[in-house]
Amino acid sequence: MKPTAQENGPLIGRSVARREDPRLLTGRGRFVDDLALPGMLHAQFVRSTVAHGELTAVDLTAVRSVPGVVAAFTADDLDLGDITAQLGRPREEFVPTAMPVLARDRVRYVGEPIAIVIARDAYAAEDGLEAARVSYAVRTPVTSEEAALADGAPLIHDGAPRNTLVDVSLFATDGIDEIFAAADCVVRVRTRTGRQNALPLETRGVVAHWDDREEQLVMQTCTQVPHQVRTVAARCLRLDERAVRVRVPDMGGGFGLKCVVGREEIAAAAAARRLGRPVKWIEDRKDALTASFLAREQRYDVRAAFSGDGRILGLDAEVVCDMGAYSCYPFTAGIEPLMASAEMPGVYTVPAYRVRGRAVTTNKAPTAPYRGVSRPQYVMVVERLFERAARELGLDPVEIRRRNVITEFPYTGVNGITYDPGSYLESLNLCERTLRDEGWYGHRSAAAAEGRHLGIGYACFSERTGYGSAAFAQRKMEVVPGFDISEVRMDTSGAVTVTTGTMSHGQSHETTMAQIVADELGLDLAKVRIHQGDTDRITYGWGTFASRSITVGGSAVRLAAGKLGEKLRRLAAARWDIPWEETELGRGEVRRRGAPSVALPYTELADLAYLRAHLLPKDLEPGLTATATFDVFNDGTFSNATHGVVVELHEGTGQVEILRYVCVEDCGVAINPQVVEGQCRGGIAQGIAGALFERVTYDAQGEPSATSFMDYKVPTAQEIPDVAIHHLETPCAFTGTGAKGAGEGGTIGAPAAVLNAVNDALRPTGIELDDTPITPEAVHTALRRTPPPAHTERD
């Protein structure tokens, strides 16, 4: 029997089966690479083989004579506008970078697209690439943030002194130097995090064609932000936005990589328009690993001042983010340093704060947001500071956190952000109690007596979700994301179609959004259909990123459904000649309050609204359609969690084995608990990957050295432990459903918890590791430095 909103109580809060699964699990999903149009051609890109240089010649003559090749275009042939992301900040704080769709006179990273080759099949396109002849005047590459900032370093963009794109000091509490000078304890952490690839299962791709009837360029692509792709494509091709339609079929992951606008999709669309034939481009895995948008490479130098009883007195931070060759659109190179600077105090009552955040440009592929956006990094740094302070002050690592987490809400921090109610202390206590009750503290002591190396680590953090226009405006973005729009429409059969500006890439929107609408209207879940990812069907939307789908998009959907419900009630009230407030919705009908047997089914009301509109009261328009918008004008809402990890270090190999992983999370009301748990587990897997395995590397000439999964280490199911998830619930006051976001928390907490557990296991050696990924070499060296004591009592 199909679930309804009434049979067993509300649908919100129930783990109903995912509506996406029948087609996806039986091979009936439709992804970009499944698309085939009559006469379709295939595209590949001639890419730079040097990291930094002038283009002295691009000869495609031989390419055009390769069998099967139909055309080959350079930047001059297509004459496209640049992709330029902007912040409304003065020049000393932000330098924009114009990213050409195809490189014109200069290349800035290995893999930068120079020309597009169009052929009858993908194999011929690859053959065409080999015939291209490109000449360079090679410049010295800049391959690290230290080299970028060094005196006399080659400039990657002539208008960016010292290769600095962003240099902002958002906060500086008066008297902070005196606070540090008078503190009983000052600790410092210097850390680096490895460059990573988001690695969605489905690589980037597009199928583009010109629709003569509609006079539209249609782009079917895998993007988290279809409306932004439309905007950029229209501007680059100098078309009205009406003349570009972006559609998104099923999508195999995004993780932030696909919430920016890529160059290749625009070039393929331009070629399709030029040739008058459909063009498909699918990114191969090598290009995805080396030339796609990357993330995470950051350096932190942070001090914390503490009182003698373990109260934090201040944070003083220096953040440098290696953002690669260009700013991404629309977020700019400021996305990572601004996130870290604004939110670093996190869940703790930090009374004084100073921070400088910089984004530097290097000869590497550009950086895009990746699940968590700087929060995995700054949480790791802050959690390391608390661990170090606990050691210096002789305090238990959990106790020092207890003394500093926010417990009274709403709380306005030193960073000017107001935190809504959460369960910071409760999640910390439950996580520790779970590990103690399971006996892991005893196992750790027993292992030490046997000469084994077990460690326990924690991370306590919040995840800001529901970023609205106000939050993005504070970053001074020229393009300000935030609001969402939804339309809910009922047809004469009583079925409902819902549009949302969010874009699912694995978050189960077809299920969770339908649960919200079915509850609001008192409908059978099967009667609700969700539409997303089509710029012609959806007025406007900002897509899916930063855990905004349920908090912002879901709130718009709920409001639109509420408006439609009110119209149904008004229709019924008019038939009964009573005030509409005396009606209620339920079981697919409008009932008269106090007289449940007096009811009108939605089908009858829809019949009246569409087929007998002449009978409608004059104050009611024909049809059953409602539209609503939702934005967040406060500081958003904050999910929170504590992660607890038990690891064992193996001396012979330096391997880190995770024995236990406990997550206590609070995302408010979970629309679908099963979906929330899936998000937690997937995020934790990616966080563990960053903590222990994944790192994009380069040689001295800027050539990527991790070009396949033989070199770029991705964890498998064998390395990812089972995760025990405990739910707390602090409802959000403004989302209507009580839900907060749940998309990024797993990734945010895992690196800090794993690193703290590793350092706990290393404590007998006197060595502490602060960089990620934690390599087996580093662990092996640390374990061999000092023999462990025969017995350590740490209960």
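Basis of the calculations
- Residues numbered from 1 in each chain as written.
- Predicted model: local features only at pLDDT ≥ 70, side-chain atom pairs only at ≥ 80, totals over all residues.
- Heavy atoms only, no water.
- Helix = DSSP H or I, 4+ residues; strand = E, 2+ residues; numbered from the N terminus.
- Buried < 20%, exposed > 50% of the residue type's maximum accessible area, 1.4 Å probe, protein only.
- Contact = heavy atoms within 4.5 Å.
- Areas by Shrake-Rupley, 256 points an atom, 1.4 Å probe, with all protein chains shown as cover.
- Lys, Arg positive; Asp, Glu negative; His and termini not counted.
- Charge placed at Lys NZ, Arg CZ, Asp CG, Glu CD.
- Pairing = 2+ DSSP bridges.
- Salt bridge = Lys/Arg side-chain N within 4 Å of Asp/Glu carboxyl O.
- Core = buried A, V, L, I, M, F, W, Y, C linked by side-chain atoms within 4.5 Å.
- pLDDT = per-residue confidence, 0-100.
- Axes fitted to C-alpha atoms, helices over the stretch in contact; angles between N-to-C directions.
- Left-handed = near helix turned anticlockwise from the far one by under 90°.
- Nonpolar A, V, L, I, M, F, W, Y, C, P; charged D, E, K, R; others polar.
- Phe/Tyr/Trp six-rings, centres within 6.5 Å; stacked < 30°, edge-to-face > 60°.
- Disulfide = S-S within 2.5 Å.

Peer 1: Looking at this model, I keep getting lost on the overall build of the chain. Mind explaining?
Peer 2: When its secondary structure is counted, the chain shows 21 helices and 30 strands. Dimensions of the chain, computed from C-alpha atoms along their principal axes, come out at roughly 85 × 75 × 50 Å. Counting across all 795 residues of the chain, residues that qualify as buried make up 62%. Within the chain, residue pairs in contact and separated by at least 24 positions form 79% of the contacts whose partners lie at least 6 positions apart. Carbon together with sulfur atoms contributes 49% to the accessible area of the chain, which is approximately 28800 Å² in total. Charge centroids of the chain, computed over 87 positive and 105 negative side chains, lie 2 Å from each other.

Peer 1: In this structure, what is going on with the pairing of strand S28 (residues 637-649)? I would like to understand it.
Peer 2: The side chains of a regular strand alternate, residue by residue, between the two faces of the sheet. With 13 of 13 residues buried, S28 is to be regarded as a mostly interior element. By the alternation rule, side chains of S28 split into Thr637, Ser639, Ala641, His643, Val645, Val647 and Leu649 and Phe638, Asn640, Thr642, Gly644, Val646 and Glu648, which are all buried. Relative to S28, strand S20 (residues 453-465) runs antiparallel, the two sharing 13 bridges. What sits directly across from Glu463, in S28, is Ser639. Bridge count between S28 and strand S29 (residues 656-666): 10 bridges; the pairing is antiparallel. Following the sheet pairing, Val645 is matched in S29 by Tyr661.

Peer 1: Which parts of the structure should I look at to understand the pattern of salt bridges?
Peer 2: Summed over all chains, the structure comprises 66 salt bridges. Residue Arg195 is joined to Glu297 by a salt bridge in which the shortest nitrogen-to-oxygen separation is 3.0 Å. Here the residue Arg195 occupies a position in the loop between strand S10 (185-193) and strand S11 (205-211), and Glu297 occupies one in the loop between helix H9 (285-290) and strand S15 (298-306), the gap between them amounting to 102 residues. Judged by its relative accessible area of 1%, Arg195 falls in the buried class. Of the charged contacts in the structure, one is a salt bridge between Arg375 and Glu744, with a shortest N-O distance of 2.5 Å. With Arg375 in helix H11 (residues 375-393) and Glu744 in the loop between strand S30 (723-728) and helix H20 (745-762), this residue pair connects regions lying 369 residues apart in the sequence.

Peer 1: Explain the environment of Gly594 to me, please; I cannot follow it from the model alone.
Peer 2: Residue placement: Gly594 occurs in the loop between strand S25 (589-592) and strand S26 (595-601). In this structure Gly594 comes out as exposed when scored by relative accessible area, which is 83%. As for Gly594 and Glu584, which are separated by 10 residues in sequence, their C-alpha atoms are 9.8 Å apart.

Peer 1: Just to check I follow, could you spell out the sheet that holds strand S6 (residues 106-107) for this structure?
Peer 2: Sheet architecture is open: three strands sit in the order S6-S2-S8, paired in antiparallel fashion. Each edge of the open sheet carries a strand with a single partner, namely S6 and strand S8 (133-138). Where strand S2 (residues 53-59) and S6 come together, two bridges link them in antiparallel fashion. Following the sheet pairing, Glu54 is matched in S6 by Arg106.

Peer 1: I tried to follow the nonpolar core on my own but got confused; where do I start?
Peer 2: Taken as a class, soluble globular proteins show a tendency for nonpolar side chains to be buried jointly. Formed by 122 residues in total, the largest nonpolar core has its most connected members in Phe306, Phe331, Met344, Leu649, Tyr661, Val754 and Val758. Sequence-distant contacts of Phe331, defined by excluding residues within four places in its chain, comprise Cys259, Val260, Pro369, Phe472, Met477 and Phe545.

Peer 1: Please clarify how the confidence of the model for the chain should be interpreted in this entry.
Peer 2: For residues with low pLDDT, the predicted coordinates do not support detailed interpretation. Averaged over every residue, the pLDDT of the chain is 96; residues scoring 70 or more account for 98%. When the criterion is pLDDT under 50, residues 1-5 qualifies, and its contacts beyond four places in sequence or with other chains add up to 20 contacts. Below pLDDT 50 for its whole length, residues 788-795 participates in 21 contacts with residues either more than four positions away or in separate chains.

Peer 1: I'm lost on the pairing of S20 in this one. Help?
Peer 2: The element S20 is extensively covered by neighbouring structure, given that 13 of its 13 residues are classed as buried. Side chains His453, Gly455, Gly457, Ala459, Phe461, Glu463 and Thr465 project from S20 onto one buried face, and the interleaved Leu454, Ile456, Tyr458, Cys460, Ser462 and Arg464 project onto a second face that is buried too.

Peer 1: I keep staring at the sheet that holds S25 and nothing clicks. Help me out?
Peer 2: Picture the strands of a sheet paired through backbone hydrogen bonds; they go either parallel or antiparallel. Spatial ordering of the open sheet is given by S24-S25-S26, a layout of three strands whose pairing is antiparallel. Of all strands in the sheet, those with a lone pairing partner are strand S24 (583-586) and S26, marking the two edges. Within this sheet the neighbouring strands show an average axis-to-axis angle of 35°, counted without direction.

Peer 1: Would you mind going over the packing of H11 against H20 with me for this structure?
Peer 2: Each pair of packed helices gets described by two things: the angle between the helix axes and the distance between those axes. Contact pair H11 / H20: the axes reach a minimum separation of 8 Å and the direction vectors enclose 35°. For the pair H11 and H20, the sense of crossing is right-handed. Across the interface between the two elements, Arg375, Pro376, Val379, Met380, Glu383, Arg384 and Glu387 from H11 touch Thr747, Ile748, Pro751, Ala752, Leu755, Asn756 and Asn759 from H20. Looking at the contact of H11 with H20 residue by residue, the class counts come to seven nonpolar, three polar and four charged.

Peer 1: I keep staring at unusual backbone geometry and nothing clicks. Help me out?
Peer 2: In most cases, non-glycine residues show a negative phi, while peptide bonds are predominantly trans. Pro410 follows Phe409 through a cis peptide bond whose omega is -5°. By the element assignment, Pro410 lies in the loop between helix H12 (397-402) and strand S18 (411-412). The amide bond that connects Thr772 to the next residue, Pro773, takes the cis arrangement and shows omega of 0°. Position of Pro773 relative to the elements: it lies in the loop between H20 and helix H21 (776-785). One non-glycine residue with positive phi stands out, namely Asp577, at about 60°. In this structure, Asp577 sits in the loop between helix H17 (549-576) and S24. Residue class for Asp577 comes out exposed when judged on its relative accessible area of 69%.

Peer 1: Which parts of the structure should I look at to understand the packing of aromatic side chains?
Peer 2: Two numbers describe a pair of aromatic rings. These are the distance of the centres and the angle of the planes. Under the counting rule described, the total for this entry stands at 15 aromatic pairs. With 5.7 Å between their ring centres and 90° between their planes, Phe45 and Trp281 make a pair best called edge-to-face. Within this pair, whereas Phe45 is found in strand S1 (residues 41-47), its partner Trp281 is found in strand S14 (residues 279-282), the two being separated by 236 residues in sequence. When its relative accessible area of 4% is taken as the criterion, Phe45 is described as buried.

Peer 1: What should I look at first to understand the state of the cysteines in this one?
Peer 2: Covalent bonding between the sulfur atoms of two cysteines defines a disulfide. Scanning the model with the defined rule gives zero disulfides in all. In this structure Cys259 is a free cysteine whose sulfur lies 7.3 Å from that of Cys328, the closest cysteine sulfur available. Taking the relative accessible area as the measure of exposure, Cys328 reaches 1% and is therefore buried.

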